[in-house]
Amino acid sequence: MYGGGGGGAANANTLFGGGGFMPSQSTAVPESSGGSFSKGRNAQTLLPLTVKQIMDAAQASDDKSNFAIDGVEVSTVRLVGRMLGKVDRVTDVQFILDDGTGKIDVNRWENESSDAKEMADVNDGNYVIVNGGLKGFQGKRHVVAYSVRRVTNFNDITHHFLQCIHVHLELTRSKPPHINASTATPGHANQVRLPNNQATTFSAPGNTAGNDLPDLVMSVLHDPALIDREDGVPIDHIANRLQRPEAVIKEVLNQHESDGHVYNTIDDRHYKSTLNG
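Since this is a predicted model, take the numbers as computed values, not measurements.

Some thoughts on the overall build of the protein
Alright, step 1. A count of helices and strands for the protein gives seven helices and 14 strands.
Alright, step 2. Within the protein, counting contacts between residues at least 6 apart in sequence, those at least 24 apart form 60% of the total.
Alright, step 3. With the model as given, the accessible surface of the protein reaches about 13,400 Å², and the carbon-plus-sulfur share is 49%.

Next comes the structure, spelled out in structure tokens:
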């Protein structure tokens, strides 16, 4: 994979011909699908994307504040690219993210000391992983980041673009995910149907309907007593709560992160659910 520094991105223009995926890729919302998949929790599922996909995204509603990619409403995204033009201000940091397919403005508010510490660790020229909300204002698209992490293993760049391709193929080969409250299984009212018919259940604490370990981990992350923690929930807390080894919990979290359900915050041992923002 990539073993070097500045050349680690292997030039996304070379990998992807200067833009998203196939020329035939469509980002319009299919009329036959009843519009984009419903607003609410589904739209909060974190999707790995390229800047070009964001710039090509269709408007998902009349208020022009929501976007649809491959027929799916998108509001929470993951981008990987090079930081340019970093500007530190009193309460926030602004920069441009260039991933080789395009450039987009990113804003990161510094509400806590951990936010400032996170942004002090990244500088112009660094490759960064950005998790955040996709926004539109006066016809211009930008990202309000809730996590900006410096890339230390350049294989992460390759992995991100492979994830972008995988998600694109999944979304174009299957029906858009949806929540059908009328047919939800009792005890699974918060079940989110993801591509390839994979379901993730977000159970409330004490709800044992989803009793496998991935569900239990998500239940801890959605505990009302923990969701407001800016630095996320530490792995050792989850392990102690569930009485499982930390290595096992870390493996489950890694899979959840790959699936876009969680993201790490101040380091690779603190996590938040993408549904909690």
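Having seen the structure, we can now continue with the description.
Focus on the pattern of salt bridges
Alright, step 1. All told, the structure shown has ten salt bridges when counted by the stated rule.
Alright, step 2. Ionic pairing is found between Arg-108 and Asp-115, a salt bridge with its closest N-O pair at 3.1 Å. Pair check on accessibility: Arg-108 and Asp-115 agree, each one buried.
Alright, step 3. A salt bridge links Arg-269 to Glu-246; its shortest N-O distance comes to 2.5 Å. Of the two residues, Arg-269 is situated in the loop between β13 (262–264) and β14 (270–273) and Glu-246 in helix α7 (residues 246–258); the sequence distance between them amounts to 23 residues.
Alright, step 4. Judged by its relative accessible area of 38%, Arg-269 falls in the partly exposed class.
Alright, step 5. A single network of salt bridges, built from pairs that share partners, joins Arg-78, Arg-149 and Glu-257.

Here's the deal with the environment of Met-83
Alright, step 1. Its place among the elements puts Met-83 in strand β5 (residues 76–88).
Alright, step 2. The exposure class of Met-83 is buried, given its relative accessible area of 0%.
Alright, step 3. Taking the C-alpha atoms as reference points, Met-83 and Val-122, separated by 39 residues in sequence, lie 8.1 Å from one another.
Alright, step 4. Not counting residues within four places of it along the chain, the set of residues in contact with Met-83 comprises Phe-95, Ile-96, Met-119, Val-122, Asn-123, Asp-124, Gly-125, Asn-126, Val-128 and Val-148.

Some details on the packing of helix α6 (residues 235–242) against α7
Alright, step 1. Between α6 and α7, the least distance of the axes is 9 Å, while the angle of their chain directions is 115 degrees. If you check the angle between α6 and α7, you find them roughly perpendicular. Of the two elements, α6 crosses α7, and the hand of that crossing is right-handed. Contact residues: α6 offers Ile-235, Asp-236, Ile-238, Ala-239 and Leu-242, while α7 offers Glu-246, Ile-249, Lys-250 and Leu-253.
Alright, step 2. Residue composition of the contact of α6 with α7, grouped by class: six nonpolar, no polar and three charged.

Section: the packing of helix α5 (residues 213–221) against α6
Alright, step 1. Two elements in contact, α5 and α6, have axes separated by 10 Å at closest approach and are oriented at 120 degrees. Between α5 and α6, the interaxial angle falls into the category oblique. In terms of crossing hand, the pair formed by α5 and α6 is right-handed. Every residue of α6 that contacts α5 at Leu-213, Leu-216, Val-217, Val-220 and Leu-221 is listed here: His-237, Ile-238, Arg-241 and Leu-242.
Alright, step 2. Here the residues of the contact of α5 with α6 sort into seven nonpolar, one polar and one charged.

Description of the sheet that holds strand β12 (residues 233–234)
Alright, step 1. If you trace the three strands from one edge of the open sheet to the other, you get β12-β14-β13, paired in antiparallel fashion. Of all strands in the sheet, those with a lone pairing partner are β12 and β13, marking the two edges.
Alright, step 2. Strand direction decides the pairing type here: β12 and β14, joined by two bridges, are antiparallel. Among the inter-strand pairings, Val-233 is bridged to a residue of β14, identified as Tyr-271.
Alright, step 3. Contacts from α5 reach β12, β13 and β14 within the one sheet, and its direction differs from that of β14 by about 90 degrees.

Comments concerning the environment of Thr-91
Alright, step 1. One can find Thr-91 in the loop between β5 and β6 (92–98).
Alright, step 2. Those residues in contact with Thr-91 that lie beyond four places of it in its chain are Trp-109 and Glu-110.

Some points on the pairing of β14
Alright, step 1. Across the two faces of β14 the burial is the same, with His-270 and Lys-272 and Tyr-271 and Ser-273 all buried.
Alright, step 2. Looking at chain direction, β13 and β14 are connected through three bridges and run antiparallel. Looking at β14, one finds that Tyr-263 is bridged to Lys-272.
Alright, step 3. In textbook terms, the turn of a hairpin is the stretch between consecutive antiparallel strands, and for β13 and β14 this stretch comprises five residues.

A word on the sheet that holds strand β4 (residues 72–74)
Alright, step 1. Read from one edge of the open sheet, three strands run β2-β3-β4, paired in antiparallel fashion. Lying at the two open borders of the sheet, with one neighbouring strand each, are β2 (58–59) and β4.
Alright, step 2. Strand direction decides the pairing type here: β2 and strand β3 (residues 67–69), joined by two bridges, are antiparallel. Each residue of the ladder has a partner; that of Gln-59, found in β3, is Phe-67.

Parameters at a glance
- Residues numbered from 1 in each chain as written.
- Predicted model: local features only at pLDDT ≥ 70, side-chain atom pairs only at ≥ 80, totals over all residues.
- Heavy atoms only, no water.
- Helix = DSSP H or I, 4+ residues; strand = E, 2+ residues; numbered from the N terminus.
- Contact = heavy atoms within 4.5 Å.
- Areas by Shrake-Rupley, 256 points an atom, 1.4 Å probe, with all protein chains shown as cover.
- Salt bridge = Lys/Arg side-chain N within 4 Å of Asp/Glu carboxyl O.
- Buried < 20%, exposed > 50% of the residue type's maximum accessible area, 1.4 Å probe, protein only.
- Axes fitted to C-alpha atoms, helices over the stretch in contact; angles between N-to-C directions.
- Parallel < 35°, antiparallel > 145°, perpendicular 65-115°, else oblique.
- Left-handed = near helix turned anticlockwise from the far one by under 90°.
- Nonpolar A, V, L, I, M, F, W, Y, C, P; charged D, E, K, R; others polar.
- Pairing = 2+ DSSP bridges.

Remember that the coordinates give geometry; whether it matters functionally is a separate question.
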